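Inside the fold
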Amino acid sequence: MSFLSPCILPLVPGYLGFVSGLTDPAEPKNRKRVLTGVALFILGFGAVFTLYGAAFGAIGSWLIRWQDPLMRVLGLLVILMGLVLLGRFSWLQQTRKFQLPGRGGLSGAPMLGIVFGLGWTPCMGPTLSAVLSLSVTAGSAWRGALLAFVYCLGLGIPFVLVALGLNWVSKTLTLIRKHIRAVNIGGAIMLIGLGILMVTGLWVQWIYQLQNLAGTFLMPV
């Protein structure tokens, strides 16, 4: 959902051109350089978001004694972010643009990733807020970092697929652009559903049941 946000999907060609330093990143002969640039770019924002998750998880460890009310309040926040994704609260729909830092190319790719993680956070707010809310309720810096790391995989893998120049990826993105409203509605429903589970306490019960179920498995060796 973050990849499909208006500050990422329409600008993907620009990102690829900047991190590779090439005017035509779609050229097959340039694929290796583009992939390297994308990997460094992902490393940059991955470090930022993973630190975010660890920090929010650490905060959650201090607030673990109030886990139940905290979970319910954060659930309301996730529901609010779902409504934002639906297009509600226009004052949260504003975007801001600023110039990309420094010169493009492989040397600038990690810095772009860091600036991307710090500066584009409001644009990716709905999905990222849900992840960081779960990081707080995890009550552990390690768990928070893990949640954020997995989020980074979800955000970074589409960049890698685009950089590979796969035809089916281009066709899929074209189709998504045509139906972006339906995609946003689907993502919003998921966030609102998650928020409701958190508010009602069902999310915690489900997690505990999964933990108990995992404890019943025996390793064959």
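The shown structure was predicted, so the numbers you read here are calculated from the model rather than taken from an experiment. (Residues numbered from 1 in each chain as written. Predicted model: local features only at pLDDT ≥ 70, side-chain atom pairs only at ≥ 80, totals over all residues. Heavy atoms only, no water.)

**Concerning the packing of aromatic side chains**
This is how it is decided: By convention, a stacked pair of Phe, Tyr or Trp rings (six-membered ring in the case of Trp) has centres within 6.5 Å and planes under 30 degrees apart, an edge-to-face pair has planes over 60 apart, and any other such pair is tilted. By definition, any uninterrupted DSSP run of H or I lasting at least four residues is a helix, any uninterrupted run of E lasting at least two residues is a strand, and each is numbered from the N terminus. Only protein chains enter the accessibility calculation, which uses a 1.4 Å probe; a residue whose area is less than 20% of its type maximum is buried, one above 50% is exposed, and one in between is partly exposed.
Per the counting criterion, the structure on display carries six aromatic pairs. With a centroid separation of 5.1 Å and an interplanar angle of 90 degrees, the aromatic rings of Phe-3 and Phe-159 are classed as edge-to-face. On the criterion of sequence distance, the pair formed by Phe-3 in the segment before α1 (12-20) and Phe-159 in helix α6 (residues 141-163) is long-range, its members being 156 residues apart. For the residue pair Phe-3 and Phe-159, the accessibility class agrees, reading buried in each case. Each ring, one from Phe-45 and one from Phe-49, has its centre 6.0 Å from the other, and the planes form 55 degrees; the classification is tilted. With Phe-45 and Phe-49 both in helix α2 (residues 31-62) and four residues apart, the pair spans about one turn of that helix. Both residues of the pair, Phe-45 and Phe-49, count as buried. Every member of this aromatic cluster is reached through a ring pair, and the members are Phe-3, Phe-41, Phe-45, Phe-49, Tyr-52, Tyr-151 and Phe-159.

**Here we look at the nonpolar core**
Where a protein is soluble and globular, its nonpolar side chains tend to be buried together. Threshold: For the purposes of this section, nonpolar cores are sets of buried Ala, Val, Leu, Ile, Met, Phe, Trp, Tyr and Cys residues that join through side-chain atoms within 4.5 Å.
With 30 residues, the main nonpolar core has Phe-3, Leu-155 and Phe-159 as its most contacted residues. Taken together, the elements giving at least two residues each to this core come down to α1, α2, α4 (109-119), α5 (125-138), α6 and α7 (167-178). In this structure, Leu-70, Val-136, Leu-191 and Met-198 belong to the second largest nonpolar core, which totals 14 residues.

**As for the side chain of Ser-133**
Convention followed: In what follows, a contact means two residues having at least one pair of non-hydrogen atoms within 4.5 Å.
Take Ser-133: it is sitting in helix α5. Since its relative accessible area comes to 3%, Ser-133 is described here as buried. Those residues in contact with Ser-133 that sit more than four places away from it in its chain are Leu-74, Leu-77, Val-78 and Met-198.

**Examining the environment of Ile-42**
Along the polypeptide, Ile-42 turns up in helix α2. Between the alpha carbons of Ile-42 and Leu-155 there is a distance of 8.5 Å; along the sequence they are 113 residues apart. Apart from the residues within four sequence positions on either side, Ile-42 is in contact with Gly-156 and Val-160.

**A look at the environment of Trp-66**
Mapped onto the secondary structure, Trp-66 falls in the loop between α2 and α3 (67-85). As a C-alpha pair, Trp-66 and Thr-137 span 71 residues in sequence and 9.6 Å in three-dimensional space.

**Overview of the confidence of the model for the chain**
Selection rule: A residue's pLDDT is the confidence the predictor assigns to it, expressed on a 0 to 100 scale.
Summary statistics for the chain give a mean pLDDT of 77 and a share of 78% for residues scoring 70 or more. Highest mean pLDDT in the chain belongs to α6 (89); lowest belongs to helix α9 (residues 202-215) (67).

**Quick word on the packing of α3 against helix α8 (residues 180-200)**
Counted only if it meets this: The axes are straight lines fitted to the C-alpha atoms, using for helices just the contacting stretch, and the angles between their N-to-C directions are given from 0 to 180°. Roughly parallel refers to an angle under 35 degrees, roughly antiparallel to one over 145, roughly perpendicular to one between 65 and 115, and oblique to any angle outside these ranges. Throughout, a crossing is termed right-handed when the near helix is turned clockwise from the far one, and left-handed when it is turned anticlockwise from it by less than a right angle. Side-chain classes are defined by residue name, with Ala, Val, Leu, Ile, Met, Phe, Trp, Tyr, Cys and Pro counting as nonpolar, Asp, Glu, Lys and Arg as charged, and the others, Gly among them, as polar.
One can describe the packing of α3 onto α8 by two numbers: an axis separation of 7 Å at closest approach and a directional angle of 165 degrees. Regarding the angle of α3 to α8, the classification is roughly antiparallel. Once α3 is placed against α8, the crossing between them reads as left-handed. Taken together, the residues of α8 that come into contact with α3 (itself represented by Met-71, Arg-72, Leu-74, Gly-75, Leu-76, Val-78, Ile-79, Met-81, Gly-82, Leu-83 and Leu-85) are Arg-181, Asn-184, Gly-187, Ala-188, Leu-191, Ile-192, Leu-194, Gly-195, Ile-196, Met-198, Val-199 and Thr-200. Residues that form the contact of α3 with α8 fall into these classes: 15 nonpolar, six polar and two charged.

**What about α7?**
One turn of the α-helix equals 3.6 residues, which is why residues spaced by three or four share an orientation. Put simply, the rule reads: Helices are assigned an expected span. That span is 1.5 Å times one less than the residue count. Within this analysis, the arc is defined by the directions that extend from the helix axis to the C-beta atoms.
Here α7 spans 17 Å end to end across 12 residues, near enough to the 16 Å set by a 1.5 Å rise per residue. Among the residues of α7, those classed as buried are Val-169, Leu-173 and Ile-176. Down the axis of α7, the buried set is contained in an arc of 60 degrees. They therefore lie on one face. In α7, those exposed residues whose orientation departs by more than 90 degrees from the buried face are Asn-167, Trp-168, Lys-171 and Lys-178. Where α7 is buried, its residues contact α6 and α8.

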